[in-house]
Amino acid sequence: GIDITKGMTTAMVTPKGQVSLKEEEAEAVKRSLGIPKADASDVGTKGLSGMQLLSLIRGSLERLAAEVGRSMTFYGESTGGTGIAELILVGGGAHLNGLTEWLSDRLRIRVTAPDPMGSIPQASRALIQGAAAAMRLSLVPSLGAAMADGSGINLLPLELRLAAIRRVKRAALTGIVTAVVLGTILV
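What you are looking at is a predicted structure, and each value in this text was computed from that prediction instead of being measured.

**Q** How do you make sense of the nonpolar core when you look at a structure like this?
**A** With 27 residues, the main nonpolar core has M8, L61, L87 and L103 as its most contacted residues. Sorting the residues of this core by element identifies α1 (2-8), α2 (23-33), α3 (50-78) and α4 (99-107) as the ones contributing at least two each. In terms of residue count, the dominant contributor to this core is α3 (eight residues). Setting aside chain neighbours within four positions, we find L103 in contact with L64, A65, L87, L89, R108 and V111.

Here it is as structure tokens:
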């Protein structure tokens with residue numbers, strides 16, 4: 001997302017002269033327009049056309065597609081040729097309008113951005129408004145963890161997990177020894 005915004009700030013020559021967007025303007029355009037269609041004439045940004053804006057951000061988009069493609073190839077080779085049939089976008093960048101279609105065209109697979117609020121009851125969904133609703137794709141990992149039963153999820157680093165296990169074992173052993181000693185004294 002940052003690369004796309006920075007790409008939009010590059011100076012471009014238009015019929016009105018040299019035009020460049022400030023970073024705030026570029027961010028606003030990115031959030032409202034997303035990936036512009038090449039045939040869009042004036043996209044409301046100082047006379048820049050969709051084709052011109054697209055040319056400014058194409059490098060960032062191509063690098064993203066290339067990196068995702070390399071990751072998919074690596075995964076396929078690591079799993080004995082098992083290919084990836086669908087890519088699901090989550091996170092803040094997944095909000096970029098047109099990104100799912102653009103990546104789908106480049107990668108030749110189905111690309112989707114799920115609606116994580118779809119399975120949440122309407123009453124609970126009403127609590128998530130404004131900025132939180134706009135960040136719905138950023139919340140996917142958290143919502144998934146919250147809705148899971150929690151089995152197999154432990155995000156602590158291995159060292160901390162092992163230290164916690166040792167503390168629990170030590171506390172259990174101390175408790176057993178204390179119970180035996182107290183039981184003996186009481187008997």
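Read on, since the account is not over.
**Q** Sorry, what's going on with a nonpolar patch on the surface here?
**A** Together, L173, V177, V181, L182 and I185 make up an exposed nonpolar region whose accessible area comes to about 490 Å². With respect to the helices, strands and loops of the structure, L182 is situated in helix α8 (residues 158-186). A residue is classified by how much of its surface remains accessible, and L182, at 48% relative accessible area, is partly exposed.

**Q** Please clarify how the pattern of salt bridges should be interpreted in this entry.
**A** Between side chains of opposite charge, a pair can form as their charged atoms come close. Scanning all chains against the criterion turns up five salt bridges. A salt bridge links R31 to E27; the nearest nitrogen and oxygen atoms lie 2.8 Å apart. Taken together, the residues span about one helical turn, with R31 and E27 both in helix α2 at a distance of four residues. For R31, a relative accessible area of 64% translates into the label exposed. Classification of E27 by relative accessible area gives partly exposed; the value is 21%. Among the charged side chains, a salt-bridge network with shared partners connects E27, K30 and R31.

Parameters and conventions
- Residues numbered from 1 in each chain as written.
- Predicted model: local features only at pLDDT ≥ 70, side-chain atom pairs only at ≥ 80, totals over all residues.
- Heavy atoms only, no water.
- Core = buried A, V, L, I, M, F, W, Y, C linked by side-chain atoms within 4.5 Å.
- Buried < 20%, exposed > 50% of the residue type's maximum accessible area, 1.4 Å probe, protein only.
- Helix = DSSP H or I, 4+ residues; strand = E, 2+ residues; numbered from the N terminus.
- Contact = heavy atoms within 4.5 Å.
- Patch = residues over 30% accessible without salt bridge, like charges linked within 9 Å, V, L, I, M, F, W, Y side chains within 5 Å.
- Areas by Shrake-Rupley, 256 points an atom, 1.4 Å probe, with all protein chains shown as cover.
- Salt bridge = Lys/Arg side-chain N within 4 Å of Asp/Glu carboxyl O.

Read these as spatial facts, not as claims about activity.
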